[in-house]
Protein chains: 2
Amino acid sequence: MNANDPQFALSCPIPVSDYPTVLLAHGGGGKLMHQLIEKMFVTAFANPLLESRHDGAVINLLRKDERGPFRLAFTTDSYVVHPLFFPGGDIATLAINGTVNDLAMCGARPMYLSAGFILEEGLPMETLWRVVQSMRQAADAAGVQVVTGDTKVVDRGKGDGIFINTAGVGMVEHELGISPANVQPGDVLLLSGDIGRHGIAIMAVREGLEFESAIESDCAPLASLVLALLDAGIAVRCLRDLTRGGLASALVEISEAARLDIQIEETTIPVREDVQGACEILGFDPLYVANEGRFVAFISASDADRALTILRAHPLGTGACAIGNVSMVNDRSHPGLVTMKSKIGAIRIIDMMSGEQLPRIC
Amino acid sequence: MNANDPQFALSCPIPVSDYPTVLLAHGGGGKLMHQLIEKMFVTAFANPLLESRHDGAVINLLRKDERGPFRLAFTTDSYVVHPLFFPGGDIATLAINGTVNDLAMCGARPMYLSAGFILEEGLPMETLWRVVQSMRQAADAAGVQVVTGDTKVVDRGKGDGIFINTAGVGMVEHELGISPANVQPGDVLLLSGDIGRHGIAIMAVREGLEFESAIESDCAPLASLVLALLDAGIAVRCLRDLTRGGLASALVEISEAARLDIQIEETTIPVREDVQGACEILGFDPLYVANEGRFVAFISASDADRALTILRAHPLGTGACAIGNVSMVNDRSHPGLVTMKSKIGAIRIIDMMSGEQLPRIC
């Protein structure tokens, strides 16, 4: 049976009158992407792992010998960033660190990665070699191995240099259930550092903007930082790395999935001065700008101070800070609201990003 | 550290004077792809799992509690087939069955798949829905679940409708070491059925060829057929599904990796009459044409008859047959040679495919 069969007449769950075709915004990390995932992918592939709406799936494997389940995290991302090389990273560092970070957000120790290359005919061979070498270095730095792969080549004009998919598996070596469903009222939100650098690094290259010193992507492997929390026995409720859609979209997704309200304070969220300046020039809100080395952790209030100390002691978490709290839903007409107290004290509702702010950022 | 660093001056392992850019043939399953994988990817990512040159990696995971290792297979493939829909299948059935089959070739029971979509802006939403529904049906038919995913959108003219990557994990529930390194002199080669249908089904659509009845792709999930062999305790030495590059390229790869000679007989290799006719019209050799539902099994001679009976009793193996044998290397100047006795009795050396016979076949 295949898609030529007549029974595929089932109607499309995205109203074709509104969206007859796929738009760039369907991959942008905001509302349209969220809708596509919820209405199409989660509907079609319906299963509890996918429905956990997490960065990856945590699988309980049972052995024949019934010595108890073996917990494995499994995740994937494709990388289509443009340009391939940018200050602070390249498509290769993204492809390794992005998937390593998704495993870390499951509370897993990342171990093995796959690499699938889709190359465009005419790509300079030396560019491919630079990318492959950079992947190896990034894999070494993150403590993972690329153990299986695939290469496809598409005709000129049917791709764009290099697209990379990586999938990853990691071991879950604790008993916590780290996911949006596990967030509790009273939990404290910790942010691992300043936001907005990755998105601005990419946009600055694309727009030819020059700053006193180049703004570098924050691209980094976060697993050792997360494992430091877990090894210390911190009651980690949920983790989410801030990629497309930025801090705002991540919080809205978790708030809706957890059916709880989230309050954050603008003054507590670190944004570097040069990043803030670039955001003003480009018309971006740093809350929605992509990151590749930052995450939020939802931590039981009683463990929050200790968790913050652990994060700040790690080179990738020196700028960590508490940015807000979780509470019961206040307005029952919403599945969960994110609000922010601004610098001047006003309360503003934070929504998911609409439209496409920064296409092909990762 | 990233690819902008000066230490990336290490010279490119593919001679740039010969191949300044990536060619379609680098993804075609033949000599150039083999060279790219060996010289670039295996060199850069050097590790024993990758060096096993198998369809996927078989990982021994160790638990903290030291209750012995847990064996997991892990594999990936990207799918860029053109056109998206063809007789007997579509990109979705390929994306599920291709990865299921790579896990099966590791002797694993396929369990969980990831799905990474790279969509081109402007793709009709209903086409995406057809594809996603077909993936779900194919996953159900193969007994696997899609548990994690990712969506990226690239601008119009930078992709080609839909590219899909799937990665898969499966459990290895036996103690065999199924890989080219395990092939022994005296082993018998079994082929699971007739060859060449997938490649010809695609080419017929592209070229607008019409036959009395459409030639359908052989695309199918092979795990239950492989597990039937394993469950019966057959001494399976190596398995390989026949995809890009066809039967010939698969045998040459295994022969070189195993450092053993392989002899096959042309008269024993089933090719349907309509496929043979289409090959003659299009100028193809069926030995090099892609399949998506066929594999070769290297079986200990003492188990070969029993294995053949098991294969033939399965709906996907009714056309199974013994096509040849393995022997010690005869000519020490070669790492392993594949030879075929032709219909008229002449012995011909079978080489890996050169150039690009059928681009974007999967």
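The structure displayed is predicted, hence computed values, not measured ones.

### Examining the relation of the copies chain A and chain B
Inference 1: With an RMSD of 0.0 Å, the operation that places chain A on chain B is a rotation of 180° combined with a shift of 0.0 Å along the axis. Each copy turns onto its partner about a two-fold axis. Residues of chain A ranked by C-alpha distance from the rotation axis are headed by A:G159, positioned 2.2 Å from it.
Inference 2: In this assembly, 100% of the residues forming the interface of chain A have copies in chain B that are likewise at the interface, indicating an isologous arrangement.

### Quick look at helix 4 (residues 125-142) of chain B
Inference 1: Under the 1.5 Å per step criterion, the end-to-end length of helix 4 of chain B is 26 Å for 18 residues, consistent within 8% with the ideal 26 Å.
Inference 2: Taken residue by residue, helix 4 of chain B has B:M125, B:T127, B:L128, B:W129, B:V131, B:V132, B:Q133, B:S134, B:M135, B:A138, B:A139 and B:A142 as its buried positions.
Inference 3: For helix 4 of chain B, the secondary structure elements touched by its buried residues are helix 1 (31-45) of chain A together with strand 3 (85-86), strand 4 (89-90), helix 3 (91-105), strand 5 (109-120) and strand 7 (162-171) of chain B.
Inference 4: Positive backbone phi, approximately 75°, marks B:G143, located one or two places after helix 4 of chain B.

### Re the pattern of salt bridges
Inference 1: Taken as a whole and assessed by the stated rule, the structure comprises 32 salt bridges over all chains.
Inference 2: Its salt-bridge partner being A:K152, residue A:D150 comes within 2.9 Å of it at the nearest N-O pair. For the pair A:D150 and A:K152, a shared accessibility class is recorded, and that class is buried.
Inference 3: Linking B:D155 and A:R360 is a salt bridge whose minimum nitrogen-to-oxygen distance equals 3.0 Å. Taken together, the residues B:D155 in the loop between strand 6 (145-154) and strand 7 and A:R360 in the segment after strand 14 (347-350) connect one chain to another.
Inference 4: Exposure remark for A:R360: the relative accessible area of 9% places this residue in the buried category.
Inference 5: Each of A:D77, A:R244, B:D150 and B:K152 takes part in salt bridges that share partners, so that together they form one network.

### As for the interface of chain A and chain B
Inference 1: Contact residues are listed per partner, giving 106 residues for chain A and 106 residues for chain B.
Inference 2: Summed over both partners, the interface of chain A with chain B buries about 9,200 Å², with 65% contributed by carbon and sulfur atoms.
Inference 3: One can count eight salt bridges joining chain A with chain B.
Inference 4: The residue A:D77 makes a salt bridge to B:K152 at a minimum N-O spacing of 3.9 Å.
Inference 5: Between chain A and chain B we count 24 residue pairs in polar contact (both at pLDDT 80 or more) in total.
Inference 6: Looking at the side of chain A that touches chain B element by element, the count peaks at eleven residues for helix 4 (residues 125-142) of chain A.
Inference 7: In terms of residue class, the side of chain A that touches chain B is built from 57 nonpolar, 30 polar and 19 charged.

### With respect to the sheet that holds strand 5 of chain B
Inference 1: With respect to topology, five strands assemble into an open sheet ordered 1-2-7-5-6 (chain B), the strand pairing being mixed. The open sheet is flanked by strand 1 (57-61) and strand 6 of chain B, the only strands paired with a single partner. With strand direction ignored, the average angle separating the axes of adjacent strands in the sheet is 20°.
Inference 2: In this sheet, strand 6 of chain B lies alongside strand 5 of chain B in parallel orientation, the contact comprising nine bridges. Residue B:I118 lies in a different strand from strand 6 of chain B, and its bridge partner there is B:K152.
Inference 3: On top of the sheet, helix 1 of chain A reaches strand 5 and strand 6 of chain B; it is set at about 145° to strand 6 of chain B, its chief contact.
Inference 4: Strands strand 2 (70-79), strand 5, strand 6 and strand 7 of chain B of the sheet are contacted by helix 3 of chain B, whose axis makes an angle of about 150° with strand 2 of chain B.

### Some thoughts on the environment of B:R306
All names here are of chain B.
Inference 1: Inspection of the secondary structure puts R306 in helix 9 (residues 304-312).
Inference 2: A relative accessible area of 40% means that R306 is categorised as partly exposed.
Inference 3: Considered as a pair, R306 and L229 are 77 residues apart in the sequence and their alpha carbons are 9.1 Å apart.

### A closer look at the packing of aromatic side chains
Inference 1: Going through the model one piece at a time under the given rule, you end up with three aromatic pairs over all chains.
Inference 2: Taking the centre distance of 4.7 Å and the plane angle of 20° together, the rings of A:F41 and B:F117 count as stacked. Taken together, the residues span two chains, with A:F41 in helix 1 and B:F117 in strand 5. Note on accessibility: A:F41 and B:F117 belong to one class, buried.
Inference 3: Positioned above the aromatic ring of B:Y79 is the side chain of A:K152, whose terminal nitrogen or guanidinium carbon lies 5.6 Å from the ring centre.
Inference 4: For B:R130, the ring lying beneath its charged end belongs to B:F85, and the centroid distance is 3.8 Å.

### Structural notes on the sheet that holds strand 2 (residues 70-79) of chain A
Pairing between the strands of a sheet comes from backbone hydrogen bonds, and it takes one of two forms, parallel or antiparallel.
Residue and element names in this part refer to chain A.
Inference 1: Overall, mixed pairing links the five strands, which are arranged 1-2-7-5-6 in an open sheet. Among the strands making up the open sheet, the edge pair consists of strand 1 (57-61) and strand 6 (145-154). In this sheet, neighbouring strand axes are inclined to one another by 20° on average, regardless of whether the strands run parallel or antiparallel.
Inference 2: Bridging between strand 5 (residues 109-120) and strand 7 (residues 162-171) involves ten bridges; their strand directions are antiparallel. Paired with G116 across the strands is N165, a residue of strand 7.
Inference 3: Taken strand by strand, helix 3 (residues 91-105) contacts strand 2, strand 5, strand 6 and strand 7, and its axis lies near 150° from that of strand 2.

### Considering the packing of helix 4 of chain A against helix 1 (residues 31-44) of chain B
Inference 1: Running from N to C, helix 4 of chain A and helix 1 of chain B cross one another at 30°; their axes reach a closest spacing of 8 Å. Between helix 4 of chain A and helix 1 of chain B, the angle falls in the class roughly parallel. For the pair helix 4 of chain A and helix 1 of chain B, the contacting residues are A:M125, A:L128, A:W129, A:V132 and A:R136 in the first and B:L36, B:M40, B:F41 and B:A44 in the second.

### Details of the confidence of the model for chain A
Inference 1: Mean pLDDT for chain A: 91, with 94% of residues reaching 70 or above.
Inference 2: Note that pLDDT drops below 50 for residues 1-9 of chain A; the model gives that stretch 23 contacts with residues more than four away or on any other chain.

### Examining helix 5 (residues 197-207) of chain A
All names here are of chain A.
Inference 1: With respect to burial, helix 5 is a largely interior element, eight of its eleven residues being buried.
Inference 2: For helix 5, the complete set of buried residues consists of R197, H198, G199, I200, A201, I202, M203 and A204.
Inference 3: Against strand 3 (85-86), helix 3 and helix 8 (273-282) lie the buried residues of helix 5.
Inference 4: Directly after helix 5, the chain includes G208, whose backbone phi takes a positive value near 70°.

### Focus on unusual backbone geometry
Inference 1: A cis amide bond links A:H82 to the next residue, A:P83, at an omega of 0°.
Inference 2: The backbone of A:R360 sits at a positive phi, close to 50°, despite the residue not being glycine.
Inference 3: Despite not being glycine, B:R259 shows a phi value in the positive range, around 55°.
Inference 4: On the secondary structure map, B:R259 appears in the loop between helix 7 (246-258) and strand 10 (261-265).
Inference 5: Looking at B:R259, the relative accessible area reads 57%, which means it is exposed.

Scoring rules and cut-offs
Residues numbered from 1 in each chain as written. Chains lettered and ligands numbered in written order. Predicted model: local features only at pLDDT ≥ 70, side-chain atom pairs only at ≥ 80, totals over all residues. Heavy atoms only, no water. Least-squares fit on C-alpha atoms with pLDDT ≥ 70 in both. Contact = heavy atoms within 4.5 Å. Helix = DSSP H or I, 4+ residues; strand = E, 2+ residues; numbered from the N terminus. Expected span 1.5 Å × (residues − 1). Buried < 20%, exposed > 50% of the residue type's maximum accessible area, 1.4 Å probe, protein only. Salt bridge = Lys/Arg side-chain N within 4 Å of Asp/Glu carboxyl O. Buried area = accessible area lost by both parts, 1.4 Å probe. Polar contact = N/O pair within 3.5 Å; in protein donor to acceptor, adjacent residues only side chain to side chain. Nonpolar A, V, L, I, M, F, W, Y, C, P; charged D, E, K, R; others polar. Pairing = 2+ DSSP bridges. Axes fitted to C-alpha atoms, helices over the stretch in contact; angles between N-to-C directions. Phe/Tyr/Trp six-rings, centres within 6.5 Å; stacked < 30°, edge-to-face > 60°. Lys NZ or Arg CZ within 6 Å of the ring centre and 35° of its normal. Parallel < 35°, antiparallel > 145°, perpendicular 65-115°, else oblique. pLDDT = per-residue confidence, 0-100.

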